[in-house]
Amino acid sequence: MATFVLVPGFWLGGWAWREVTGELRRRGHEVYPLTLTGVAERAHLAGPQVGLETHTTDITALIETEELRDVVLVGHSGGGMPVIQAADRIPDRIATVVYVDSGPLPDGTSQFDTNPPEEQQRLRELIGDGHLLPPPAWDPAEDPENLAGLDDTALALLRRRATGQPLRAATDPVRRTGGRPVPTALVACTFPVEVARAMIAEGHPFFAGLADAALHGLPTGHWPMLSEPKALADVLDTIARG
């Protein structure tokens, strides 16, 4: 059986993985859902100093303190960025990196950079002098593609439990040290696998790092751990079993 470390995307804590965690444990896997510094039950630790390196250390510290090896390290959405760096720092402990509707951004690129200029400007005006990126409204009328598959209960949970995301986790660029590459897999949810495959072939910078990845499709919205938890656990189980 495998050892999973599950890293959530922006605004979410380890709580978002609850159903996936249960499904994987029922299959005999060891599972560590992680809450990053400054979010959810660790929101009181948020501050302007909390950034991508902090979240990378959250991951590496858990793995090293628990003496975990052959880890299937899963990063959802913005959680993929600290996962990229963590795998680079401790590749000898990682069996596979799984990007869930995410991907290995190129060195020097931040999550914030992936937004068009007008969206960056809107967000900066919204944040002002603050250090937290506020969660979205979780309104399907405003964001039908990303929120696809979420029922009223899941949407209410997101509105109730999502917290601000430390801004530097979004604005700090990814930096690799040149550690040994580890195997990767992609779980594509809001875009078809065929699109990902085409963008990999074209050398798109957001997909170029997945050239050797195993590709898996899970058609749903951007939060599959809430919209399709059993199906996501099935895919992760398949990846872990090779």
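Not measured: the values here are computed from a predicted model.

Analysis parameters
Sequence order sets the numbering: in each chain, residues are counted from 1 along the sequence as written. Local features are withheld for residues below a pLDDT of 70 in this predicted model, meaning they are given only at 70 or higher, and side-chain atom pairs are given and counted only at 80 or more; totals for whole chains, interfaces and linings count all residues. To get the side-chain values, all heavy atoms of the structure are used, and hydrogens and water are removed first. Secondary structure is summarised from DSSP: a helix means a run of H or I of at least four residues, a strand means a run of E of at least two, and numbering begins at the N terminus for each. Contacts were defined at the residue level, with two residues in contact if any of their heavy atoms lie within 4.5 Å. Summary of the burial criterion: residues with accessible area below 20% of their type's maximum are buried, those above 50% are exposed, and those between are partly exposed, where the area comes from a 1.4 Å probe applied to protein chains only. Counted as a polar contact is a pair of N or O atoms within 3.5 Å, where, for protein atoms, one must be capable of donating a hydrogen and the other of accepting one, and residues adjacent in sequence contribute only when both atoms are in side chains. The term salt bridge refers to a pairing of a side-chain nitrogen on Lys or Arg with a carboxyl oxygen on Asp or Glu at a separation within 4 Å. UniProt positions are given in the numbering used here, feature names are shortened, and annotations may be inferred rather than shown by experiment.

Asks: Can you help me understand the side chain of aspartate 58 in this one?
Replies: When you line up the elements, aspartate 58 lands in helix 2 (residues 52-65). Once residues within four sequence positions are removed from consideration, aspartate 58 is found in contact with Leu34, Leu36, Thr37 and Arg42.

Asks: Would you mind showing me how to read the side chain of aspartate 172 here?
Replies: Relative to the helices and strands, aspartate 172 is located in the loop between helix 6 (167-171) and strand 7 (184-188). Accessibility expressed as a relative area gives 15% for aspartate 172, which makes it buried. A distance of 3.2 Å separates a polar atom in the side chain of aspartate 172 from the backbone nitrogen of leucine 52. Sequence-distant contacts of aspartate 172, defined by excluding residues within four places in its chain, comprise Gly51, Leu52 and Ser110.

Asks: What is the right way to look at the pattern of salt bridges in this model?
Replies: Charged atoms that come close allow side chains of opposite charge to pair. Scanning all chains against the criterion turns up 12 salt bridges. Glutamate 119 is the salt-bridge partner of arginine 122, the closest N and O atoms lying 2.9 Å from each other. Of this pair, arginine 122 and glutamate 119 both sit in helix 4 (residues 117-127), 3 residues apart, which is roughly one turn of the helix. Residue arginine 122 is classed as partly exposed on the basis of its relative accessible area of 43%. Between aspartate 237 and arginine 241 there is a salt bridge whose closest N-O contact spans 2.9 Å.

Asks: In this structure, what is going on with the UniProt feature "domain: AB hydrolase-1" (unreviewed entry) in the protein chain? I would like to understand it.
Replies: What UniProt calls "domain: AB hydrolase-1" (unreviewed entry) maps, in this numbering, to residues 4-235. Helix makes up 34% of residues 4-235 and strand 15%, with an end-to-end C-alpha separation of 13 Å.

Asks: Would you mind showing me how to read unusual backbone geometry here?
Replies: Apart from glycine, the bulk of residues carry a negative phi angle, and the bulk of peptide bonds sit in the trans form. Not every positive phi belongs to a glycine, and tryptophan 11 is a case in point at roughly 75°. Tracing the sequence through the fold places tryptophan 11 in the loop between strand 1 (3-7) and helix 1 (18-26). Of the residues examined, tryptophan 11 reaches a relative accessible area of 14% and is grouped as buried. Backbone geometry at alanine 40 places phi at a positive 55°, although glycine is not the residue there. Within the element layout of this structure, alanine 40 appears in the loop between strand 2 (30-33) and helix 2. Assessed through its relative accessible area of 16%, alanine 40 is described here as buried.

Asks: How should the environment of leucine 236 be read in this particular structure?
Replies: Along the chain, the position of leucine 236 falls in helix 9 (residues 229-241). For leucine 236, a relative accessible area of 0% gives the class buried. For the pair leucine 236 and phenylalanine 10, spaced 226 residues apart in the sequence, the C-alpha separation amounts to 20 Å. Sequence-distant contacts of leucine 236, defined by excluding residues within four places in its chain, comprise Phe4, Leu6, Val20, Leu24, Val74 and Val98.

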